[in-house]
Structure formats: structure tokens, C-alpha cells
Amino acid sequence: MHVPLDSKRISMASEKMKQPIIWGNVIAIVLFHLLALYGLFTLPWTQIRWQTYLWGYFLYLAGGFGVAGGAHRLYSHRTYKAKWPLRIILLICFSISGQNSVYDWVRDHRVHHKFSETDADPHNAHRGFFFSHVGWLMKKKHPEVIRRGRQVDMSDVLADPLAKFHKTYFTWLKLLFCFVIPIAVPPLLWNETWYISALGIGVVRYVALLNAAWSVNSLAHIWGGKPYDKQISPTENVLVTWLTAGEGWHNYHHAIPWDYKAAELGPSSINWTTYLIQMFSKIGWAYDLKSPSEELIKKLVERRGDGTHPKWGSGKQGKEDQIGIGDGDKYEQWGAARELPMEGPS
Ligand SMILES: [Zn+2]
Ligand SMILES: [Zn+2]
């Protein structure tokens, strides 16, 4: 079955289109990475206090939870609902990660899912590892990304006063929670040196977490098996799962984006984010957790999988006929044509 789409035409024409480089971003990203490398090779690792290591690891996990559990699974995909105390925690954690505002993140991510691996995908992995990892942040957005981004319904995010607050004060929140507090705590509370804290916590920890988050768009769109849908680029990548506390089960996630676990299995699949959401659901701060039935997953594996699923794969390719890949509106098309729900129960 072939789906004729205008986006295919767009894809061809705009391949050659030049996207101007944003030099400010290039300089900032390169500088931070050079500083992080300098820190990695010169920091006196044996003299750093154990509390500082713990603090760095805590910030890494908290930032990861803010991205995965907040911007991604809550705001982008609405895979569960969260009461305001949890939304505050998630937005603080997201600020710790030092990325874009939650509004921009969600808009880009929704466009990414809807138009994966086309020119409208902000970090189109078909343009190579570097572009999907970090290069996309160094260039002006492709016109198609901007056009599709404007069409995304963001009313739910704007209706949330906390997300709106984050959008308005994003720069201050990022400064405060990604740099000022993380760097100030070790010298003030356990007499760490300011130098170690600034370089180790302010730079190395920040750059490590950024690269972990970026690896979902690069590594998990290029390398790994496709047990749930062999016709899309996202993969199951265990390394990314380790780096991101549960976001590397990306073939599954693109196949069923409305599952709060972003994976078939729960915390046992190295899914720290899922564990935390479940923990918060026990005290009622997270609720309406959406997840598909085992029957639906089995059907998906048998129809579209590449045969690598440990339980239902048995080395056989899914039976379903090929469908044109790389076409823009496939998201809606597949929702209808493939008789498998793209949206979760509301
Ligand atoms: Zn997603
Ligand atoms: Zn993706």
C-alpha cells in the first residue's frame, strides 16, 4: 500500500535547502564540551568528596526524570496525569537538565513523532548521527519543521499554569536549577571547593546529561532491533536505556507512544522513570496511567515486528505488507490504516 503525500515532495525539494548556522549555539555547545573534556582529564577525582559524587549522580537522575517523566511522558504524550505537587517537582527536575522550555520541548517532540525521519522532524535521523544528536541545535530550523510546529496543538500545555510559568521564566529557572543551586550546594554544605563544583557539577554533569538525552534522538534512531515495528527507524537500544533511565526502548515507544512506561515492561527493564511514576501513583500524585493490553502488544509484534521479540518474535518477520516509509503524514495514516490505536484511551 502506497500513501501519496505532499510531504514526500517537500522531502525531495528541501534536501538541498540550506539552513543557516546559529553561531551563538555552536560556540556555546563547543565551549561547554571543551570545558567538560578539560574537566574529565584534569579534575582531581580522588580528592573530590563523596557527597559531591552523590550530588552529581542525584542531579543526573533528577534531570533525567524531569525530561523523561515530565516533558516527555507527561506533557508531550499525556501518558498519565499528575497533580500539581508532582508537576512542580517535574518542572524543577526538567530545569535541572538545562534544556529548552517545556513548551518548546513538547512542540518539537510532537512534531518529531508525527513526522519522524522527514524534513519536518526537528532531529531527522536520516540526516546522520551528528545532525540528530546535536547538529540540529546548531542550525536554524528547517522551514518544514517551523511550519509543522505551528500546526501542533499546544493548548493543553498552555492551559497548565505551571507549564505556562515555566515558559515565561524559563531562562531564570534554568540558571537557578541547572547552575546556581547545583554549584552552590557542595561548597556551602560540605566544603567542596568552588572550582570542583563549578567544573564537575556545573559543566561535566550538565554535558553528560545533555548527551544522554540527545542519544535518544541519535543512537536510538539508528542502532538496535525493531521487535515492535520494523518499518520505522526508532530502535530498542539498551545503552540509551541505561543512559536515560528508561528511554531507550524507542521502537516500542514510537509504536505505542501513549504508554506511560515508554517500554513494554516496567521498572525491571532498567526503567527508573517508570518506577518513579509508579511510586508517585501510590500516593495519588500520578494517576490515570495508560498502558496497552498484552494482547495489543502481541498483535503489534506479530504484524509489524522484525522477529527479535524475545517472547513472540521467534525470528519471523511481521506478516504485514510494506507501507511507504519516510512520508510525512504517516502518523495519521497509520492510525487509520493499521487498525491499531495510536492514541491511548482518554
Ligand atoms: Zn516520545
Ligand atoms: Zn524518537
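Preceding block: the structure.
Residues numbered from 1 in each chain as written. Chains lettered and ligands numbered in written order. Predicted model: local features only at pLDDT ≥ 70, side-chain atom pairs only at ≥ 80, totals over all residues. Heavy atoms only, no water.

Asks: Describe the environment of Lys167, with residues and values.
Replies: Position of Lys167 relative to the elements: it lies in helix α9 (residues 161-168). It is 6.6 Å that separates the C-alpha atoms of Lys167 and Val102, two residues lying 65 residues apart in sequence. Excluding residues within four positions of it along the chain, Lys167 makes contact with Ser101, Tyr103 and Leu158. (Helix = DSSP H or I, 4+ residues; strand = E, 2+ residues; numbered from the N terminus. Contact = heavy atoms within 4.5 Å.)

Asks: Can you break down the coordination of the zinc ion (ligand 2) residue by residue, with the values?
Replies: Within the protein, the zinc ion (ligand 2) binds to His112 (NE2), His221 (NE2), His250 (NE2) and His254 (NE2); these donor distances fall in the range 2.1 to 2.2 Å. In this structure, the zinc ion (ligand 2) is surrounded by 4 donor atoms whose angles at the metal cover 93 to 163°, and the resulting shape is irregular. One chain supplies every donor for the zinc ion (ligand 2), spaced along it as H-x108-H-x28-H-x3-H. Between the zinc ion (ligand 2) and the zinc ion (ligand 1) the interatomic distance amounts to 5.9 Å. Of this pair, His221 sits in the loop between α11 (194-217) and α12 (238-244) while His250 sits in helix α13 (residues 250-255), and the two are 29 residues apart along the sequence. Residue class for His221 comes out buried when judged on its relative accessible area of 4%. Accessibility expressed as a relative area gives 2% for His250, which makes it buried. (Donors = N, O, S within 2.8 Å, 3.2 Å for Na, K, Ca; no water. Tetrahedral: all angles 85-135°; square planar, octahedral: opposite > 155°, others 65-115°. Buried < 20%, exposed > 50% of the residue type's maximum accessible area, 1.4 Å probe, protein only.)

Asks: How would you explain the packing of helix α4 (residues 84-97) against α9 if you had to name every residue and give the values?
Replies: At a closest axis distance of 10 Å, the pairing of α4 and α9 adopts a crossing angle of 25°. In terms of axis orientation, α4 runs roughly parallel to α9. Remark: the crossing between α4 and α9 carries right-handed chirality. Judged by residue contacts, Trp84, Arg87, Ile88, Leu91, Phe94 and Ser95 of α4 engage Leu162, Ala163 and His166 from α9. (Axes fitted to C-alpha atoms, helices over the stretch in contact; angles between N-to-C directions. Parallel < 35°, antiparallel > 145°, perpendicular 65-115°, else oblique. Left-handed = near helix turned anticlockwise from the far one by under 90°.)

Asks: Any details on helix α7 (residues 143-151)? Residues and values, ideally.
Replies: Among the residues of α7, those classed as buried are Glu144, Val145, Arg148 and Gly149. Seen from one end, α7 has its buried residues packed into an arc of 130°, which puts them on one side. (Arc of directions from axis to C-beta.)

Asks: So, the coordination of the zinc ion (ligand 1): which residues are in play, and what are the values?
Replies: Octahedral metals with six donors have ideal donor angles of 90 or 180 degrees. Tetrahedral metals with four donors have an ideal donor angle of 109.5 degrees. At 2.0 to 2.2 Å from the zinc ion (ligand 1) lie its protein donor atoms, namely His72 (NE2), His77 (NE2), His109 (NE2), His113 (NE2) and His253 (NE2). Along the chain, the residues donating to the zinc ion (ligand 1) are arranged with the sequence spacing H-x4-H-x31-H-x3-H-x139-H.

Asks: I'd like a rundown of the nonpolar core, residues and numbers included.
Replies: One finds Phe65, Tyr75, Tyr80, Leu86 and Val102 to be the most contacted residues of the largest nonpolar core, which totals 37 residues. For this core, the elements supplying multiple residues, two or more each, are α3 (50-76), α4, α5 (102-114), α10 (170-190) and α14 (272-282). With 8 residues, the top contributor of residues to this core is α3. Ignoring any residue separated from it by four or fewer positions in sequence, one finds Phe65 in contact with Gly70, Leu90, Cys93, Thr273, Leu276, Ile277 and Phe280. Ranked by size, the runner-up nonpolar core spans 13 residues in total, among them Met138, Ile183, Leu210 and Trp214. (Core = buried A, V, L, I, M, F, W, Y, C linked by side-chain atoms within 4.5 Å.)

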